[in-house]
Amino acid sequence: MKRRRTAALLSLTALIGTALTTVPAQADEVEQVRNGTFDTTTEPWWTSSNVTAGLSGGRLCADVPGGTANRWDAAVGQNDLTLVKGESYRFSFYADGTPADHTVRAIVGLSAAPYDTWFEVSPQLSVSGNSYSYTFTSPVDTTQAQVGFQLGGSAEPWRFCMDDVSLLGGVAPEPYEPDTGPRVRVNQVAYLPAGPKNATLVTDATQRLPWQLKNAEGAVVARGWTVPRGTDASSGQNVHSVDFGAYRTRGKGFTLVADGQTSRPFDIGTGAYDRLATDAAKFYYTQRSGLAIRDDLRPGYGRPAGHVGVAPNQGDTDVPCQPGVCDYRLDVSGGWYDAGDHGKYVVNGGISVWELLSTYERARHARTGEVERFRDGTLAIPESGNKVPDLLDEVRWELDFLLKM
Ligand SMILES: [Ca+2]
Ligand SMILES: [Ca+2]
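Engineer: Could you clarify how one ought to interpret the overall build of the chain in this entry?
Structural biologist: Regarding its fold elements, the chain presents four helices and 22 strands. Rg of the C-alpha trace for the chain: 29 Å, well past the compact-globule value of 22 Å for 405 residues, more than 25% over. Along the longest, intermediate and shortest principal axes, the C-alpha atoms of the chain span 85 × 65 × 50 Å. For the chain, buried positions account for 36% of its 405 residues. Put simply, 63% of the contacts in the chain that link residues at least 6 apart link residues at least 24 apart. Here the chain has roughly 23500 Å² of accessible surface; of this, 53% comes from carbon and sulfur atoms. Side chains of the chain give 38 positive and 47 negative charges; the mean places of these two sets differ by 12 Å.

Pasting the structure below:
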């Protein structure tokens, strides 16, 4: 037995030796960025004409004006970098922003029209600063590459600082390893006390395994056996299911333990979904076109009015027909955006109007309806306080648009 193990070890060593000698020689890591450390100068970095940049504490700091529309309306960058197709690069930099929570769009792209972008990230910056590092593979051969830091799109002026900007060639790509959490997958929002309670265990095991449900103090409150289910077609993983629906006690911070893994904590209770209907109804206000969205009503989502005949959005107040179909023009401002692409559709909007009006009708007339949930003042919209139920105010915004079409 001992001799056989020794033989196995020897052959493994031989295999490793073979593998090491066949790894291709790696290209040298070469720095592509010039003066990324800003020791004595900001040369050869450029700025857009509306940005003032200078040295500050060994960093490049840029004062960015407020009131620009697009990310690329204010920028700092360096041109004339060389990229080799198929080569991997590590793009890294330090950055900070004042006040907090501004984002920078950092790109590697073409410095001339059509300004192709080959790599981009948009980290949110802190006042105290962070270091960022990414790898990507160049899809092109070029001597006209640019490293750019796009700073525009802010209503308010702010200050951006960066240091240790690096674009290192010849770097092996880092394998992508997503963090999918513990292999015991649960509903992390909450389970309803009287409802079904299912979880999934990702495992190589083919036979059933024991599971334990623990409360927040770590005490086992229920136990059972998993049910092997084979390979899940969509994920390609071998899975077992866990059914702990018989446990109906409310509480916070439960965990499910199986196969040596502990799930993320979860709750069993009724409160987790109470806000869902109201939050869903409040969503429509943020989609309104032709109206400034108030940040005091939707913190973090405030923005100027869109599509009111003002640059950069020229449309909606004087829209011609498709040529050859009709010859009139319409003011079709207002309504709800269908999605982030700012499309507005009669069919999609009509379905939404119908659903919201049905919701209101059901709340008024159904035996389990709660009309108070949509009364005036419930949705935090500009019409809250006008003595009209807020759900009807919101529907009216789209109905007025539909009548213009
Ligand atoms: Ca420096
Ligand atoms: Ca109202």
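Engineer: How do you make sense of the pairing of strand β17 (residues 238-243) when you look at a structure like this?
Structural biologist: For a regular strand, the rule is simple: side chains alternate between the two faces of the sheet. Here strand β13 (residues 198-202) runs beside β17; their pairing, made up of five bridges, is antiparallel. When the bridges of β17 are listed, A199 appears paired with V242. Here four bridges tie strand β16 (residues 227-231) to β17, and the two strands are oriented antiparallel to one another. What sits directly across from G230, in β17, is V239.

Engineer: Could you clarify how one ought to interpret helix α4 (residues 390-404) in this entry?
Structural biologist: Residue pairs three or four apart in sequence face the same way in an α-helix, which turns once every 3.6 residues. Counted at 1.5 Å a residue, the expected span for α4 with its 15 residues is 21 Å, and the 22 Å between its end C-alpha atoms agrees. Every buried residue belonging to α4 is among D390, L391, D393, E394, V395, E398 and F401, and all of these are buried. Where α4 is buried, its residues meet α2 (276-286) and α3 (346-365).

Engineer: What should I look at first to understand the pattern of salt bridges in this one?
Structural biologist: Side chains that carry opposite charge are capable of pairing whenever their charged atoms lie near each other. In total, this model carries 15 salt bridges according to the counting rule given. In this structure, R59 and D96 form a salt bridge, with 2.7 Å as the shortest nitrogen-oxygen distance. One end of the pair, R59, is in strand β4 (residues 59-64); the other, D96, is in strand β6 (residues 88-98), with 37 residues separating them in the sequence. Between D279 and R275 there is a salt bridge, with the nearest N and O atoms lying 3.3 Å from each other. With relative accessibility at 61%, the residue R275 sits in the exposed group.

Engineer: Would you mind going over the coordination of the calcium ion (ligand 1) with me for this structure?
Structural biologist: Ideal geometry at a metal centre: 109.5 degrees between donors when four sit tetrahedrally, and 90 or 180 degrees when six sit octahedrally. At the metal site, the calcium ion (ligand 1) is ligated by T37 (O), G58 (O), D163 (OD) and D163 (OD), and these contacts range over 2.3 to 2.6 Å. Between the donor residues of the calcium ion (ligand 1), the gaps in sequence give the motif T-x20-G-x104-D. Note that T37 is positioned in the loop between β1 (30-31) and β2 (46-47) and D163 in strand β11 (residues 158-169), a separation of 126 residues in sequence. For T37, a relative accessible area of 34% gives the class partly exposed.

Engineer: Sorry, what's going on with the coordination of the calcium ion (ligand 2) here?
Structural biologist: The protein atoms donating to the calcium ion (ligand 2) are D376 (OD), E383 (O), N386 (OD1), V388 (O), D390 (OD) and D393 (OD), with metal-donor distances spanning 2.2 to 2.6 Å. One can describe the donor arrangement at the calcium ion (ligand 2) as octahedral, given that its six donor atoms subtend angles of 68 to 179 degrees at the metal. For the calcium ion (ligand 2), the single-chain donor residues occur in sequence as D-x6-E-x2-N-x1-V-x1-D-x2-D. Separated by 17 residues along the polypeptide, D376 in the loop between α3 and α4 and D393 in helix α4 bring together distant segments of the chain. Among the residues examined, D376 registers a relative accessible area of 22% and is labelled partly exposed. Residue D393 is classed as buried on the basis of its relative accessible area, which comes to 10%.

Engineer: What exactly am I supposed to notice about the domain arrangement of the chain here?
Structural biologist: For an interface, size is often stated in terms of accessible area lost upon the parts coming together. Taken domain by domain, the chain holds domain 1 (30-169), domain 2 (184-270) and domain 3 (276-404). Domain 1 and domain 3 are separated by 38 Å when their C-alpha centres are compared.

Engineer: Hey, could you run me through the environment of K214 in this one?
Structural biologist: Tracing the sequence through the fold places K214 in strand β14 (residues 210-214). Look at K214 and you get partly exposed, because its relative accessible area is 24%. Here the alpha-carbon distance between K214 and E383, two residues 169 residues apart in the chain, equals 47 Å.

Engineer: Would you mind going over the state of the cysteines with me for this structure?
Structural biologist: What we call a disulfide is simply a covalent bond connecting the sulfur atoms of a pair of cysteines. For the structure on display, the rule yields two disulfides. The residue that forms a disulfide with C61 is C161, at a sulfur-sulfur distance of 2.1 Å. Around the S-S axis, the bridge from C61 to C161 shows a dihedral of about 115 degrees and counts as right-handed. Here C161 lies in strand β11 and C61 lies in strand β4, a separation of 100 residues in the sequence.

Scoring rules and cut-offs
Residues numbered from 1 in each chain as written. Chains lettered and ligands numbered in written order. Predicted model: local features only at pLDDT ≥ 70, side-chain atom pairs only at ≥ 80, totals over all residues. Heavy atoms only, no water. Helix = DSSP H or I, 4+ residues; strand = E, 2+ residues; numbered from the N terminus. Rg over C-alpha atoms; globule rule 2.2 N^0.38 Å. Buried < 20%, exposed > 50% of the residue type's maximum accessible area, 1.4 Å probe, protein only. Contact = heavy atoms within 4.5 Å. Areas by Shrake-Rupley, 256 points an atom, 1.4 Å probe, with all protein chains shown as cover. Lys, Arg positive; Asp, Glu negative; His and termini not counted. Charge placed at Lys NZ, Arg CZ, Asp CG, Glu CD. Pairing = 2+ DSSP bridges. Expected span 1.5 Å × (residues − 1). Salt bridge = Lys/Arg side-chain N within 4 Å of Asp/Glu carboxyl O. Donors = N, O, S within 2.8 Å, 3.2 Å for Na, K, Ca; no water. Tetrahedral: all angles 85-135°; square planar, octahedral: opposite > 155°, others 65-115°. Domains from an automatic or database assignment. Disulfide = S-S within 2.5 Å.

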